[in-house]
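The residues making up each chain are set out below.
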Amino acid sequence: MLHTIRSPFLTVSVKEKGAELQSILDRDGREYLWQGDPRYWPDRALNIFPYVARLTQGRYEMDGQTYSMDIHGLSPYLPFTLTEKTHTAMTLTLFSDGETRQRYPRDFAFSIRYELRQDTLEITFLVENRDHRTMYFGLGGHPGFHVPLTAGRRFEDYRLRFTNPCAPRRIGFTRACFLDGTDEAFPLTDGTTLPLTHRLFDDDAIVLKNTDRQVTLEADGGPKITVTFPQMPYLGIWHQPRTDAPYVCVEPWSSLPSTQDTIAVFENQQDLISLAPGKTYVNRWSIRVCQD
């Protein structure tokens, strides 16, 4: 089922499975969100919880026990419940149950709030620990955006531009997309800009740390999209490798995947969030659309 909110500038739709964004339309009817295509990537804007990306052998350890979990955790695959709705805002919640506890042994409520403020979609992740034990988790966003955003443009006409100069480092990944324990400098043009080409993704995702926390997808003139992620220390940039995919994903992450050939122990993975019983964790990020 789809749920829709509106402002004078934007119309946003979300489906209950995964609380996944389905559409971001401006007032002229232009679609900004990738609409999914199995030739490239069938999804549109996954929400990631409680683990970011891949686990070695699809397994991890917690409480001295071994569990299995798919890529990007639980949330992309399960139905959320609409728990709040107004004309401009909605909240959808994933509640733990017997099925989730088989793969992640904690009682929790994971809520995603979408709120329109003029030309900006504000997204809030809320994790409530309803268990008597500490929770260990990662989370993130995985929205894809059309590139080009307007007819007559090419993919290579676009760039990702950080608002402030920065000196990112690229996280080292194996060919199987696990950590290899290395990272390297990833220079930007003028300290701010990454020109887009399809060849960028021949080795799969680019995952950066030490970036500015605001980045804009833009060309010379025309509409653009700004993603702001003040609480996320990592940024993934991706499209389907070795293709001419007409989109790019801009993915704020709180943590990283597991190391090649090492089964992650959640209590020991330092970049995972630790949340005490009875506490709630809040993380806010946003997507702003500018028509010109």
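These numbers come from a predicted model, not from an experiment.

(A) The nonpolar core, seen in detail. Of all hydrophobic cores here, the largest spans 72 residues; its most connected members are L21, Y104, F110, Y114, F137, L139 and F266. Sort the elements by how many residues they give to this core and strand β9 (residues 108-117) lands first, with five residues. Residues W34, V207, A245 and Y247 belong to the second largest nonpolar core, which totals 18 residues.

(B) Spotlight on unusual backbone geometry. Along the chain, F49 connects to P50 via a cis peptide bond; the corresponding omega equals 0°. For P50, the location among the structural elements is in the loop between β4 (45-48) and β5 (59-62). Cis geometry marks the peptide bond from V147 to P148, where omega comes out at 10°. Phi at D204 is positive, roughly 80°, even though this residue is not glycine. Along the chain, D204 turns up in the loop between β16 (193-195) and β17 (206-209).

(C) A look at the sheet that holds strand β24 (residues 280-290). Read across the open sheet, the nine strands follow the order β7-β8-β9-β10-β24-β19-β18-β13-β16; overall the sheet is antiparallel. A single partner strand is all that each edge strand has here, and the edge strands are β7 (81-85) and β16. Strand-to-strand twist in this sheet, taken as the mean axis angle between neighbours without regard to direction, amounts to 15°. Examined bridge by bridge, strand β19 (residues 224-228) and β24 share five bridges and lie antiparallel to one another. Paired with K224 across the strands is C290, a residue of β24.

Conventions and cut-offs
- Residues numbered from 1 in each chain as written.
- Predicted model: local features only at pLDDT ≥ 70, side-chain atom pairs only at ≥ 80, totals over all residues.
- Heavy atoms only, no water.
- Core = buried A, V, L, I, M, F, W, Y, C linked by side-chain atoms within 4.5 Å.
- Buried < 20%, exposed > 50% of the residue type's maximum accessible area, 1.4 Å probe, protein only.
- Helix = DSSP H or I, 4+ residues; strand = E, 2+ residues; numbered from the N terminus.
- Pairing = 2+ DSSP bridges.
- Axes fitted to C-alpha atoms, helices over the stretch in contact; angles between N-to-C directions.

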